[in-house]
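# Coordinate analysis (summary)
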Amino acid sequence: MRYAAIRRHRDEYPLRLMCRCLKVSRSGYHAWSGRAPSARARDNARLLERIRQIHAESDGVIGMPRMHERLAFEGERASPNRVARLMASAELYGVPQRRRWRHKRVGARPSHVRNHLERDFAANEPNTKWVTDITYIRTGEGWLYLCVVLDLFSKKVVGWSMDTLQDRNLVLRAVLMALWQREDRSQPVVLHSDHGTQFTCEEYQQFLAGHNLVCSMSAVGHCGDNAAAEGFFGMLKRERVNRRHYRSIDEARGDVFDYIERFHNPRMQQRLDAEDQKFLALTQLSVKTG
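From a predicted model like this one, the values you see are computed outputs, not experimental measurements.

Turning next to the overall build of the chain. Scanning the chain for helices and strands turns up eleven helices and five strands. When each of the 290 residues of the chain is scored for burial, the buried share is 42%. Put simply, of all contacts in the chain between residues at least 6 apart along the chain, 64% involve residues at least 24 apart.

Structure, rendered in structure tokens:
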């Protein structure tokens, strides 16, 4: 809009010159500038203020898709294009994920193990489907390896371990932590992983069998079979690790712990609480209308 362009450059050029170049009258500009903001403009300002708050709470890592998802959970009726436009106008952007490839050692999948998930990463109850995987973090003192166990119902990290060695003990400690946090151990849990040597070794297989865990494993060359775990690592790297330069292994340990226990898990719990409130509201509404 020509009037808006004049207002943006009001302090740079004479008003009379800009009105003449843009072929508008000064009286028309003054009438427009004194007009009260429209209802749409006021609602955009309110929504942008909430977007700023969410972006700040996320440490500046949330982009448009997750911002739109967060606003939808809060009951905001805003399209993705509108959210993207408001974020761009305020120069609020997410942190893009770095794409890197690193070779991982693989082992032969045991003959009795199959893929129980078949890329179905939905779970209706907690502690029914878990996924696990290992990632690496660069520090000034060498590599730090992180193994996590993710509950597909809550998307929370229920078990994790870190070490400078990428071996079976790293995995076993993470799974053991997940077992400690589980109240009812009578029902079997599917634990899905890739076919790295840490997961195909005999000790790991015996540990799962002795703790009522059903081993599930991806096929060779099918990284999408464990996309849920890869997705968490992508968020971890994008939102925290890639934005830091760890001078020591202990510094990396502390920051990863902070991300998991003080940022990611509480955020997933808030999401669960919001879903529960929506379900309760719908249930009450159906009872009243029924």
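What follows covers the packing of helix H4 (residues 39-57) against helix H6 (residues 80-89). Where H4 meets H6, the closest approach of the two axes is 10 Å, and the angle between their N-to-C directions is 75 degrees. Comparing their axes, H6 and H4 come out roughly perpendicular. Residues Arg40, Asp43, Asn44, Leu47, Leu48, Ile51 and His55 of H4 form the contact with H6, whose own contacting residues are Arg82, Val83, Arg85, Leu86 and Met87.

Enumeration according to the criterion identifies six aromatic pairs in this entry. Between Phe232 and Phe233 the ring centres are 5.9 Å apart and the planes differ by 50 degrees, which places this aromatic pair in the tilted class. What makes Phe232 buried here is its relative accessible area of 2%. Given the relative accessible area of 4%, Phe233 is considered buried. Considering the side-chain rings of Phe232 and Tyr259, the 6.4 Å spacing of their centres and the 50 degrees angle between planes classify their relative orientation as tilted. Here Phe232 is found in helix H10 (residues 227-239), whereas its partner Tyr259 is found in helix H11 (residues 249-289), with 27 residues between them in sequence. Tyr259 matches Phe232 in its accessibility class, with the two residues each being buried. Taken together, the ring pairs connect Phe232, Phe233, Tyr259 and Phe263 into an aromatic cluster. Lying over the aromatic face of Tyr136, Lys237 brings its terminal NZ or CZ to 4.7 Å of the ring centre.

Turning next to the nonpolar core. Ranked by size, the top nonpolar core spans 28 residues in total, and within it Leu146, Trp160, Phe232 and Ile260 carry the most contacts. When contributions to this core are tallied by element, the ones reaching two or more residues are strand S1 (129-139), strand S2 (142-151), strand S3 (157-163), H10 and H11.

Quick look at the pattern of salt bridges now. Evaluation of the coordinates by the stated rule reveals 18 salt bridges. For the salt bridge of Glu239 with Arg66, the shortest nitrogen-to-oxygen distance reads 2.0 Å. Of this pair, Glu239 sits in helix H10 while Arg66 sits in helix H5 (residues 64-73), and the two are 173 residues apart along the sequence. Of the charged contacts, one joins Arg240 and Asp255 as a salt bridge, the two residues approaching to 3.0 Å between their closest N and O atoms. Taken together, the positions of Arg240 in the loop between H10 and H11 and Asp255 in helix H11 put the pair 15 residues apart, joining distant regions of the chain. A relative accessible area of 14% places Asp255 in the buried class.

Okay, the packing of helix H7 (residues 168-180) against helix H9 (residues 202-210) next. In a pair of packed helices, the angle between the axes and the distance between the axes together describe the arrangement. The contact between H7 and H9 brings their axes to 10 Å, and the two run at 10 degrees. By the criterion of interaxial angle, the relationship of H7 to H9 is roughly parallel. Here H7 contributes Arg168, Asn169, Val171, Leu172, Val175, Leu176 and Leu179 to the contact with H9, which in turn contributes Glu203, Tyr204, Phe207 and Leu208. In terms of residue class, the contact of H7 with H9 is built from eight nonpolar, one polar and two charged.

The terminal C-alpha atoms of H4 lie 27 Å apart, and with 19 residues this matches the ideal 27 Å at 1.5 Å per residue to within 8%. Within H4, the full set of buried residues consists of Asn44, Leu47, Leu48, Arg50, Ile51, Ile54 and His55. Projection of H4 onto a plane perpendicular to its axis shows the buried side chains occupying an angular sector of 170 degrees, all on one side. Those residues of H4 that are buried lie in contact with H5 and H6. Following H4 by one or two positions, Asp59 has its phi on the positive side, about 65 degrees.

All chains considered together, the criterion is met by zero disulfides. The closest cysteine sulfur to the non-disulfide-bonded Cys21 is located on Cys19, 9.5 Å from its own sulfur.

What follows is about the environment of Met18. Mapped onto the elements, Met18 comes out in helix H2 (residues 15-22). A residue is classified by how much of its surface remains accessible, and Met18, at 10% relative accessible area, is buried. Along the sequence, Met18 and Arg7 sit eleven residues apart, while their C-alpha atoms lie 9.9 Å from each other. With sequence-adjacent residues up to four places away left out, Met18 is seen in contact with Ile6, His9, Arg10 and Tyr13.

The rules behind these values
- All residue numbers here refer to positions counted from 1 along the written sequence of the relevant chain.
- Only residues with pLDDT of 70 or above have their local features reported here, since the model is predicted, and side-chain atom pairs are shown and tallied only from 80 upward, although totals for entire chains, interfaces and linings are computed over all residues.
- Side-chain metrics in this entry use all non-hydrogen atoms of the structure; hydrogen atoms and water are not considered.
- Only DSSP runs of H or I covering at least 4 residues are called helices, and only runs of E covering at least 2 are called strands; the numbering of each starts at the N terminus.
- When a residue's accessible area, from a 1.4 Å probe over protein chains only, is under 20% of the maximum for its type it is buried; when over 50% it is exposed; and in between it is partly exposed.
- The contact rule is simple, with two residues in contact once any of their heavy atoms fall within 4.5 Å.
- Think of each axis as a best-fit line through the C-alpha atoms, taken over the contacting stretch in the case of a helix, with angles from 0 to 180 degrees between the N-to-C directions.
- For classification, angles of less than 35 degrees are called roughly parallel, those exceeding 145 degrees roughly antiparallel, those between 65 and 115 degrees roughly perpendicular, and all remaining angles oblique.
- Two rings belonging to Phe, Tyr or Trp (six-membered ring only in the last case) form a pair when the distance between their centres is within 6.5 Å. Interplanar angles under 30 degrees mark stacking, angles over 60 mark edge-to-face geometry, and anything in between is tilted.
- Remark: a charge is flagged as sitting over a ring if the NZ atom of Lys or the CZ atom of Arg is within 6 Å of the ring centre and within 35 degrees of the ring normal.
- Here, nonpolar core refers to any group of buried Ala, Val, Leu, Ile, Met, Phe, Trp, Tyr and Cys residues whose side-chain atoms link them within 4.5 Å.
- A carboxyl oxygen of Asp or Glu within 4 Å of a side-chain nitrogen of Lys or Arg is what we treat as a salt bridge.
- As a working rule, the residues Ala, Val, Leu, Ile, Met, Phe, Trp, Tyr, Cys and Pro are called nonpolar, Asp, Glu, Lys and Arg charged, and the rest polar, with Gly in that last group.
- To estimate how far a helix should reach, multiply one less than its number of residues by 1.5 Å.
- Think of the arc as the fan of directions from the helix axis to the C-beta atoms.
- Any two cysteine sulfur atoms within 2.5 Å of one another count as a disulfide.

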